[in-house]
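Here are the chains, one letter per residue:
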Amino acid sequence: MPTAEAPILVVEDDPFLRLAGIVLDPTTATERYAAFADFFAHEEPDFDGYCARVRARVGAFFPCQVRLVETVEDMRTRLPGARGLIVESLLVGPSELAAGAELVAVQKYGAMPRNIDAAACAKRGVKVLTFRRRANIACAEVAITLMLTLAKKMHRLAGRISVEQLAAEGYTYKPFDRRHTPNSNWARIPGVRMLHESTLGIIGLGEIGREIALRAAAFGMRILYYQRTRLPESEERQLQLSYVPLEQLLAQSDWIVPQVPGGPSTRNLIDRARFAQMKPGACLVNISNPNLVDRAALIEALKSGRLGGFALDPQYEAPGRSDDELLGFGNVVLSPHIAAQPRFNALDDIADLLAGLAKEIVA
């Protein structure tokens, strides 16, 4: 059990950040501990062993009093006495720092501490910690995978190598005159695309959006982006991308990736009007939130042929339905919410985060 002298850690109540309490605070409800053990079981069957390993890494940081907070107001009331603070989206400024007079470090659950007033922290001598989340990297990998899958039609062609199999997909075999020609693409598959020299439009350049941009640049793509606040020119040069208004991004992009948080303000961000603005034949890849795309408008765009392809992870329903209308389109790829996987991304991220924070708080 944590003692009165045990360090106090305030943590934003994000579903993954709840792991901090499970690992560090022995008073965490057994029901929650069991739920997380089950959540990770398919890749980490020894959850007790994982917790023990992380506790060994953090030393005197265990046991710890972990206070979960949902709002900035709640955070201010819970900060007195706290030595550490972990946030993902909650704002941390002078008022919060004043409430946490004993704070030593503020940990951002990610690499971009835009919600933390770095100058105010420096003035108070509070260290700001960041790290690059493996889950964000995994999401970017899936975005590129989905683009490649659509571009190369791998969802329709993988394992289909016989004349009969290809005929079932609608490709009629007709041999080339091999006395004169090569035999490349002997199945005569039309419409295979390249990422190289095509245009990618990213809507929202947060941490995942940046990870996608880094990988797209390596493929030789032209990268456009749109968000409410334009980046400094130095960052645009570093990431090899160009800022354009949303309408221009939609009209020029061969690949469109909306990468903004879900919520009332972004629901149906891509609607009938946005589909009408898109370049004919463009592909839409959504690994953020399904509700960013108006489902009815999406199906209309697919039926009309204006949308060249669509990929989605996660789905509108979880679990999905085997009779989902989207499954009937040959240019649609759906996957069951795997973008941030494997589970060890979250486990290793939290282990590294807590170990780094411990060095600042109990050193």
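Residues numbered from 1 in each chain as written. Predicted model: local features only at pLDDT ≥ 70, side-chain atom pairs only at ≥ 80, totals over all residues. Heavy atoms only, no water.

Participant: Tell me what's going on with the sheet that holds strand β5 (residues 127-129), and back it up with residues and numbers.
Facilitator: If you walk across this open sheet you meet the five strands as β2-β1-β3-β4-β5, and the pairing is parallel. Both edges of this open sheet fall to β2 (65-69) and β5, since each of them pairs with a single strand only. Across the sheet, the mean angle from the axis of one strand to that of its neighbour is 20°, orientation sign disregarded. Looking at chain direction, strand β4 (residues 105-108) and β5 are connected through three bridges and run parallel. Bridge pairing in β5 links Q107 to L129. (Pairing = 2+ DSSP bridges. Helix = DSSP H or I, 4+ residues; strand = E, 2+ residues; numbered from the N terminus. Axes fitted to C-alpha atoms, helices over the stretch in contact; angles between N-to-C directions.)

Participant: A description of the pattern of salt bridges should follow, citing residues and the corresponding values.
Facilitator: Under the criterion given, the structure shown has 23 salt bridges. The partner of D352 in a salt bridge is R57, with the nearest N and O atoms 3.1 Å apart. Note that D352 is positioned in helix α15 (residues 344-361) and R57 in helix α3 (residues 47-58), a separation of 295 residues in sequence. The partly exposed category is assigned to R57, whose relative accessible area is 48%. A salt bridge links R321 to E317; the nearest nitrogen and oxygen atoms lie 2.2 Å apart. Exposure remark for R321: the relative accessible area of 39% places this residue in the partly exposed category. The exposure class assigned to E317 is partly exposed, which follows from its relative accessible area of 39%. (Salt bridge = Lys/Arg side-chain N within 4 Å of Asp/Glu carboxyl O. Buried < 20%, exposed > 50% of the residue type's maximum accessible area, 1.4 Å probe, protein only.)

Participant: Please give an account of the pairing of strand β10 (residues 283-286) that cites residues and values.
Facilitator: With burial as the criterion, each face of β10 is covered, one bearing C283 and V285 and the other bearing L284 and N286. Bridge count between strand β9 (residues 255-258) and β10: two bridges; the pairing is parallel. Its bridge partner lying in β10, W255 is registered against C283. Tracing the backbone out of β9, into helix α13 (residues 272-277) and back to the parallel element β10 gives a crossover that is right-handed. Relative to strand β11 (residues 309-312), β10 is paired through four bridges, and the arrangement is parallel. Residue L284 lies in a different strand from β11, and its bridge partner there is F310. (Right-handed = clockwise from strand over helix to strand, strands pointing away.)

Participant: Tell me about the sheet that holds strand β6 (residues 199-203), and name the residues and values.
Facilitator: Within a beta sheet, neighbouring strands are joined by backbone hydrogen bonds and run either parallel or antiparallel to one another. Taken in spatial order, the seven strands line up as β8-β7-β6-β9-β10-β11-β12 in an open sheet, and their pairing is parallel. Pairing within the sheet leaves two strands with one partner each, and these edge strands are β8 (241-243) and β12 (332-334). Neighbour to neighbour, the strand axes of the sheet diverge by 15° on average, direction disregarded. Relative to the sheet, helix α7 (residues 134-152) contacts β6, β9, β10, β11 and β12, its axis offset from that of β10 by approximately 150°. Contacting β6, β7 (222-226), β8 and β9, helix α10 (residues 207-218) crosses the sheet at an angle of about 170° to β6. (Contact = heavy atoms within 4.5 Å.)

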